[in-house]
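Descriptive analysis of the structure
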4 protein chains.
Amino acid sequence: MIKAGIIGGSGYTGGELIRLLLGHPQAEIDFVFSTTRAGKSLSSAHPDLTGITDMLFSDKVNTEADLIFLCLGHGNSSEFLRSHDFAEHTKIIDLSNDFRLADDASFEGMQFVYGLPELKLDAIRESKFIANPGCFATAIQLALLPLAKQGLLNKDVHINAVTGSTGAGVRPSATTHFSWRNNNASWYKPFTHQHLGEISESLNSFDQQIGELFFLPMRGNFSRGILATAYTQFEGTLEEAGQLFSDFYEEAAFTQITEDPIYLKQVVNTNQCHLHLHKHGNTLLVTSAIDNLLKGASGQAVQNMNLMFGYPEKTGLELKASIF
Amino acid sequence: MIKAGIIGGSGYTGGELIRLLLGHPQAEIDFVFSTTRAGKSLSSAHPDLTGITDMLFSDKVNTEADLIFLCLGHGNSSEFLRSHDFAEHTKIIDLSNDFRLADDASFEGMQFVYGLPELKLDAIRESKFIANPGCFATAIQLALLPLAKQGLLNKDVHINAVTGSTGAGVRPSATTHFSWRNNNASWYKPFTHQHLGEISESLNSFDQQIGELFFLPMRGNFSRGILATAYTQFEGTLEEAGQLFSDFYEEAAFTQITEDPIYLKQVVNTNQCHLHLHKHGNTLLVTSAIDNLLKGASGQAVQNMNLMFGYPEKTGLELKASIF
Amino acid sequence: MIKAGIIGGSGYTGGELIRLLLGHPQAEIDFVFSTTRAGKSLSSAHPDLTGITDMLFSDKVNTEADLIFLCLGHGNSSEFLRSHDFAEHTKIIDLSNDFRLADDASFEGMQFVYGLPELKLDAIRESKFIANPGCFATAIQLALLPLAKQGLLNKDVHINAVTGSTGAGVRPSATTHFSWRNNNASWYKPFTHQHLGEISESLNSFDQQIGELFFLPMRGNFSRGILATAYTQFEGTLEEAGQLFSDFYEEAAFTQITEDPIYLKQVVNTNQCHLHLHKHGNTLLVTSAIDNLLKGASGQAVQNMNLMFGYPEKTGLELKASIF
Amino acid sequence: MIKAGIIGGSGYTGGELIRLLLGHPQAEIDFVFSTTRAGKSLSSAHPDLTGITDMLFSDKVNTEADLIFLCLGHGNSSEFLRSHDFAEHTKIIDLSNDFRLADDASFEGMQFVYGLPELKLDAIRESKFIANPGCFATAIQLALLPLAKQGLLNKDVHINAVTGSTGAGVRPSATTHFSWRNNNASWYKPFTHQHLGEISESLNSFDQQIGELFFLPMRGNFSRGILATAYTQFEGTLEEAGQLFSDFYEEAAFTQITEDPIYLKQVVNTNQCHLHLHKHGNTLLVTSAIDNLLKGASGQAVQNMNLMFGYPEKTGLELKASIF
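Note that the coordinates shown come from a computational prediction; the quantities given were computed from them, not determined experimentally. (Residues numbered from 1 in each chain as written. Chains lettered and ligands numbered in written order. Predicted model: local features only at pLDDT ≥ 70, side-chain atom pairs only at ≥ 80, totals over all residues. Heavy atoms only, no water.)

**Things to note about the overall build of chain A**
For chain A, the helix and strand inventory stands at nine helices and 15 strands. Taking the principal axes of its C-alpha atoms as reference, chain A extends roughly 60 × 45 × 35 Å. Among the 324 residues that make up chain A, the fraction classed as buried is 65%. Long-range contacts, defined as pairs at least 24 residues apart, comprise 72% of the intrachain contacts of chain A with a sequence gap of at least 6. Here chain A contributes 23 positive and 35 negative side-chain charges, whose respective centroids are spaced 7 Å apart. (Helix = DSSP H or I, 4+ residues; strand = E, 2+ residues; numbered from the N terminus. Buried < 20%, exposed > 50% of the residue type's maximum accessible area, 1.4 Å probe, protein only. Contact = heavy atoms within 4.5 Å. Lys, Arg positive; Asp, Glu negative; His and termini not counted. Charge placed at Lys NZ, Arg CZ, Asp CG, Glu CD.)

**Re the packing of aromatic side chains**
Going through the model one piece at a time under the given rule, you end up with 54 aromatic pairs over all chains. Aromatic pair B:Phe33 and B:Phe80: ring centres 6.2 Å apart, planes at 55°, arrangement tilted. Linking B:Phe33 in strand 2 (residues 27-33) with B:Phe80 in helix 3 (residues 76-82), this pair joins segments that are 47 residues apart in sequence. Taking the relative accessible area as the measure of exposure, B:Phe80 reaches 8% and is therefore buried. Centre to centre, the rings of D:Phe245 and D:Tyr249 are 6.4 Å apart; their planes meet at 45°, and the pair counts as tilted. Take D:Phe245: its relative accessible area is 0%, and that puts it in the buried class. Above the ring of B:Phe309, the side-chain terminus of B:Lys91 is found at 4.4 Å from the ring centroid. (Phe/Tyr/Trp six-rings, centres within 6.5 Å; stacked < 30°, edge-to-face > 60°. Lys NZ or Arg CZ within 6 Å of the ring centre and 35° of its normal.)

**Comments concerning the interface of chain A and chain D**
Taken together, the contacts link 37 residues of chain A with 37 residues of chain D. Taken over both partners, the interface formed by chain A and chain D buries close to 3200 Å², and the fraction arising from carbon and sulfur atoms is 65%. If you look at where chain A meets chain D, you find zero salt bridges. Summed over the shared surface of chain A and chain D, the result is 18 residue pairs in polar contact (both at pLDDT 80 or more). Among the elements of the structure, strand 9 (157-163), helix 6 (178-181), strand 10 (186-187), strand 11 (213-219), strand 12 (226-233), strand 14 (273-280) and strand 15 (283-290) of chain A are those that each provide at least two residues to the side of chain A that touches chain D. Its residues assigned to classes, the side of chain A that touches chain D comprises 19 nonpolar, 17 polar and one charged. (Buried area = accessible area lost by both parts, 1.4 Å probe. Salt bridge = Lys/Arg side-chain N within 4 Å of Asp/Glu carboxyl O. Polar contact = N/O pair within 3.5 Å; in protein donor to acceptor, adjacent residues only side chain to side chain. Nonpolar A, V, L, I, M, F, W, Y, C, P; charged D, E, K, R; others polar.)

**Comments concerning the interface of chain D and chain C**
Listed by partner, the interface residues are 17 residues for chain D and 17 residues for chain C. Across the chain D to chain C interface the summed buried area is about 1300 Å²; carbon plus sulfur atoms make up 57%. The largest contributions to the chain D side of the interface with chain C come from D:His177, D:Phe178 and D:Ser179, which together make up 48% of the buried area. Linking chain D with chain C are zero salt bridges. Here chain D is connected to chain C by 14 residue pairs in polar contact (both at pLDDT 80 or more). When its residues are assigned to classes, the side of chain D that touches chain C shows five nonpolar, 10 polar and two charged.

**Considering the sheet that holds strand 15 (residues 283-290) of chain D**
Residue and element names in this part refer to chain D. The sheet built from seven strands is open, its strands ordered 10-11-9-12-15-14-13 with mixed pairing. Unpaired on one side and paired on the other, strand 10 (186-187) and strand 13 (255-258) mark the two borders of the sheet. Here strand 9 (residues 157-163) pairs with strand 11 (residues 213-219) via seven bridges, running parallel. Counterpart to asparagine 160 in the pairing with strand 11 is leucine 216. Against the sheet, helix 8 (residues 238-248) engages strand 13, strand 14 (273-280) and strand 15, with an angle of about 160° to strand 14. (Pairing = 2+ DSSP bridges. Axes fitted to C-alpha atoms, helices over the stretch in contact; angles between N-to-C directions.)

**Details of the confidence of the model for chain A**
Per-chain confidence: chain A averages 97 in pLDDT, with 100% of residues scoring 70 or above. Taken over the whole predicted complex, pTM reads 0.98, whereas the ipTM for its chain interfaces reads 0.96. (pLDDT = per-residue confidence, 0-100.)

**A short note on the pairing of strand 9 of chain D**
All names here are of chain D. Taken across its seven residues, strand 9 has seven buried, putting it largely inside the fold. Side-chain alternation along strand 9 places Val157, Ile159, Ala161 and Thr163 on one buried face and His158, Asn160 and Val162 on a second face that is also buried. Relative to strand 12 (residues 226-233), strand 9 runs antiparallel, the two sharing six bridges. Residue pairing across strands places alanine 161 opposite alanine 228, the latter belonging to strand 12.

**Considering the pattern of salt bridges**
For side chains of opposite charge, pairing can occur when their charged atoms come near one another. Under the criterion given, the structure shown has 48 salt bridges over all chains. Between A:Lys320 and C:Glu16 there is a salt bridge whose closest N-O contact spans 2.7 Å. Residue A:Lys320 is found in the segment after helix 9 (298-308), and its partner C:Glu16 is found in helix 1 (residues 12-22); the two belong to separate chains. Each member of the pair, A:Lys320 as well as C:Glu16, carries the same accessibility label: buried. Between C:Glu88 and C:Lys128 there is a salt bridge, with its nearest N and O atoms 3.9 Å apart. Pair noted here: C:Glu88 is in the loop between helix 3 (76-82) and strand 4 (91-94) and C:Lys128 is in the loop between helix 4 (117-126) and strand 8 (129-131), with a separation of 40 residues, a long-range link.

**Here's the deal with the domain arrangement of chain A**
Residues and elements named next belong to chain A. Assigned domains within chain A: domain 1 (2-132 + 297-308) and domain 2 (135-290). For domain 1 versus domain 2, the distance between C-alpha centres works out to 25 Å. Together, the buried faces of domain 1 and domain 2 total about 1500 Å²; carbon and sulfur atoms form 55% of this surface. Linking domain 1 with domain 2 are two salt bridges, by the criterion used here. When the shortest N-O distance is used, the salt bridge between glutamate 198 and arginine 100 registers 2.8 Å. (Domains from an automatic or database assignment.)

**Some thoughts on the side chain of A:Ser179**
Residue position: A:Ser179 is located in helix 6. Judged by its relative accessible area of 1%, A:Ser179 falls in the buried class. Polar side-chain contacts of A:Ser179 include one of 3.5 Å to the side chain of B:Tyr12. Apart from residues lying up to four places away in sequence, A:Ser179 is in contact with B:Tyr12, B:Ser165, B:Thr166, B:Ser223, D:Lys265 and D:Phe324.

Written as structure tokens, this is what we have:
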């Protein structure tokens, strides 16, 4: 039984981690650390937990826990790790972007592995420190990795991805105000989103030539999920593309190729990534859908936990979709 | 041509006032006062105005304007009026709740009239100072006034009304966060909403006995509009009720009785109030729908302006509904 | 291991049953009968099941199954049962309203028990034939049963409940058209909704006097969930009311009393019912929230299955909420 | 005063036309033809019109009207025109796609002009027969025409555009079912949308070389509006691009260049098209937003009417945005 601590449990990813661990047969929540809510019940922040757990937020960090999930804002994980002295056996999964890039992966004696199981399965199993991928980064990489591996991503790639409002966190802002976001559509950070860094590193890890990535991120007027489209020129047939993807994801626990065109909600509240291939002329369109808080964050973190502790990858992650 | 100034023009009601006055043939915007946005264009806060007006927010108040609209937070209007010395001829329409109740209506020599045209048409025409009604208060009063006038509201009245998120203002908060409000439903201030005060005063103005008002306000997951239902015991027939309402609203410019059941969107982006009557046994159900920002705020303010300055009541207010 | 068949598996409740049974450790899906989709994969109708099951819809009914779930339109269950001859051991859970009322409960030698576990726990355990309650009926009964049992529901009760669009089924209609329902609000069947029948029978089952029920059902612009409010006059204190509810639901597996006011989404995608009590003067307001497709339909059906087959009530029903 | 008839007035575009003409100072509705609703009031289909007009749907077509708007399903306009013999002076604006392409523009002696005022101002003024552009086609052309005119659109163009559900018409379908569309995202007809035809013809009308158009249309979970993005390689500076656009749209009545990034709702319920330019490296991103039912359909039709009858282009089209 894994004893896991959660640092930063009042936000969206922390809440999802709590829910997942409460339903996980091989893990238990050791503590949920929150400076602002210490002493209050978890259900005060996450009312769905009423009657399910009586646990309180804590202002203590157990540095002897088996595993620590860091659900802190970007930039705060390194500060937190510097100021806490964890036991030798304590493993760490960080959900921020602090340690994802190769240049950041080595930190105070800890060597972080990029926690995308479809790409780094064995390294994750052997690792003590995981940098959990970004949400857009997960959806987009899963759409492109099979092509990159074969050197078939050497032309320009055009990516559009729309994300739910939970991607922007629990703190209210102008663009997550209901009166603004409801019935609205807009883009942000065109061609410069910070996830391009981790995406590029992964795609380039096969030592193949990679084309330019044009990525336009969109704000969707829904709460959760990411629908990403990516297209590029591809000489082969649709069947050949399908075979590449099937082969690449043959062992993947949560990544599925669908025959029918995808719609976003079919993966919401699950850890699945659904991929769909479509060809028009020489243009191959890959569509990818994930739940940004699960496969894009907390679900993938638990998947990584399962791998690190030797449990079957799907343990505690066979979730009922909330498809409607 | 009325020269009108708007105090507090960057919020929702200020924005709607700007839009209405820009389209009004007998009024022009003299200035839009904003401490936070002075020097910036109106379209920086209200981007739909791009290419429609080049006006800037101002940090100056013209105390010689013909008319001042106060779009300040509740409690701030009195402070503003105390610190500005307006000309003798300057009229004032206040959209806050500072002067709506009889006890508050007399302020520093100004005598405010409650600006519900269906109730106070003549007084508004004669008045220099208007306390513009609240949004819930407008929807609910229009549903009940014809009964109150006839002394037929002497039994308990059960009121449920759901409002759009714009009712909570432009400042982000937990319950206007898109991730929370989207697909959600909840109530607030059960049986104690502050608009009960103005509602009660109006209903009691006919010197008839009024039953107890049970009012449950709901937060809706839409941006604009209020749908209110109110039912009470009523001995007469549906036709008799219909006649009462038709008579009461015979001269009303914007309040319509509909034969078909109402849905909220049929009044959105208009200054209309739609009322529907339904009878089951001895229970009379009155349904009322308004746009909370128009008939519930800025539209009614312009309606009051028209009355105060002797223009036809509908001037500048024949708006295309945004029904979809 | 229960071998269960689903009749009518392409709609919303059938889809939820499939999802729940796929995750149930003590049940397996024997067949999913669909006349329109026979031969196609379950995932063709429910794409979230891609990679999770390869099962096909069937045009055969196994009359030897341990359990049959009927997910047919109201009125069609009786016809279906008449034309199929099930084995002596086959149990039946019907999700329509065909057998819920006392007058309808006896059908062709089958005696249906009303499947609300909070009310009929022992009878359900002993029963072979279950009439699964309606969604509104579940939310409203759970809000009122503790009062009814004590004879404290003898005054008028005022009920407002708003439901998601999935309550109207998968067949498109004018009021489930997105262009109409989005951002909209409306009522239907005021004071005459068909669920009043089952609600009244349950409340009257304690041989106490019950006041008149005024029930106004609303269409919400969200997909799933019901938020119901019910208030009545209550002489006791809030604490006394709380004690009544705690006592009544002490053994309930899924019905929780919350301290904080409820919002709808906190129960979505779960089998929970959350209840909240609020008192203003002598008015007791009870708020109830359920997922209309789970506690209001398929989840409660599985809860009934667990009871009928002697499994712990929560088996397969500890679901992660989709709270955002 | 233009006497205008509307053929097919119970759908979305017909409804918007009715609203616009009721508010138009130089036009009056002669009749609204509807086979299914003849004899019923316009407000039975469009309840916002309650108290605004008492007009009924008619089963008669006045072939002497000054102007006929055809709001029929695609493919039905030609059939309708064949079976009706309009007066010599009767002008026609067709909102379907029947006569938009050069090959279809000549029909039974009528020569249809493509009614995009920003492209064909003079021809529209002289014309009796207008083929009103498609909604996607309008948004996308306005984003690209200034570049096409200068021969600067000779590289690949990558277009993504998301549309509201009203684009799919009033007839319910699987993808306009609220339970499906709410909180969802998906694409359709990738790279093959039928509007590509009219877009290409317009872009090619400048006798410049045009690059390949990659157009991915998306279904948005909102009711109205289109947000389109288009990017291509552009050697010049952002200022140079801005100048091109300003010059091209100098005389345009409704097309505005915005400095700030656009969000969809800022044009909803108006006839405006907002355009925004952004440059990253050599990539020029043009964003375009319109209301699909106004500038994308009925608003543009009235704009064309104004031009054809010699009225100022904005007559009756200065609409208050429904920005929230």
